[in-house]
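Survey of secondary and tertiary structure
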Amino acid sequence: QVQLVESGGGLVQAGGSLRLSCAASGSIFSINVMGWYRQAPGKQRELVASINSGGRTNYVDSVKGRFTISRSIAKNTVYLQMDGLKPEDTAVYYCNAFVVGSTVENYWGQGTQVTVSS
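Model, not experiment: these values are computed from the prediction.

1. A word on the overall build of the chain
Scanning the chain for helices and strands turns up zero helices and eleven strands. Along the chain, helices and strands appear, N-terminal first, in the series β-β-β-β-β-β-β-β-β-β-β. Scaling as 2.2 N^0.38, a compact globule of 118 residues should have a C-alpha radius of gyration of about 13 Å, and the chain matches this with 14 Å. In terms of overall dimensions, the chain has C-alpha extents of about 45 × 25 × 20 Å along its principal axes. The burial tally for the chain puts 41% of its 118 residues in the buried class. Across the chain, the fraction of contacts at a sequence separation of at least 24, relative to all contacts at a separation of at least 6, is 54%. Here the chain has roughly 6,200 Å² of accessible surface; of this, 49% comes from carbon and sulfur atoms. A distance of 4 Å separates the average location of the 10 positive side-chain charges in the chain from that of its 7 negative side-chain charges.

2. Here's the deal with the pairing of strand E5 (residues 46-51)
Across five bridges, strand E4 (residues 30-39) lies against E5 in antiparallel orientation. Counted as the bridge partner of Gly35 is Ser50 from E5. Taken together, E4 and the strand that follows it, E5, pair antiparallel across an intervening segment of six residues, in which Gly42 is found at a positive phi of about 75 degrees. Where E5 lies against strand E6 (residues 57-59), three bridges are found, and the strand directions are antiparallel. Residue Ser50 lies in a different strand from E6, and its bridge partner there is Asn58. From the end of E5 to the start of E6, which pair antiparallel, there are five residues, and Gly55 there has a positive phi angle of about 90 degrees.

Scoring rules and cut-offs
Residues numbered from 1 in each chain as written. Predicted model: local features only at pLDDT ≥ 70, side-chain atom pairs only at ≥ 80, totals over all residues. Heavy atoms only, no water. Helix = DSSP H or I, 4+ residues; strand = E, 2+ residues; numbered from the N terminus. Rg over C-alpha atoms; globule rule 2.2 N^0.38 Å. Buried < 20%, exposed > 50% of the residue type's maximum accessible area, 1.4 Å probe, protein only. Contact = heavy atoms within 4.5 Å. Areas by Shrake-Rupley, 256 points an atom, 1.4 Å probe, with all protein chains shown as cover. Lys, Arg positive; Asp, Glu negative; His and termini not counted. Charge placed at Lys NZ, Arg CZ, Asp CG, Glu CD. Pairing = 2+ DSSP bridges.

Function cannot be inferred from these measures alone, as they are strictly geometric.
Here's what the structure looks like:
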């Protein structure tokens, strides 16, 4: 079994910054893709950013230039540096990972709340 544990959410004023972390633990041989999703009240969950094992990144247009995703392969950890936060970034942020063990499985974290006040 694999666990994803997130940290770093909170309340921040518009224009501020937060850094999210997500550490994977358990039966892990390797992790292919790690990413961050978010879900605001009344909206569908959306992909915010992802990074593969080669370091290739992908961002939703609304966060390009403001958010930066990175990872430590040695620590099985993914980070999301969020700068220039806007009220519309308010959501629950979820970590996601495709983990290679005996098979490839997809895992989710429990979510961390990010609230941006205007």
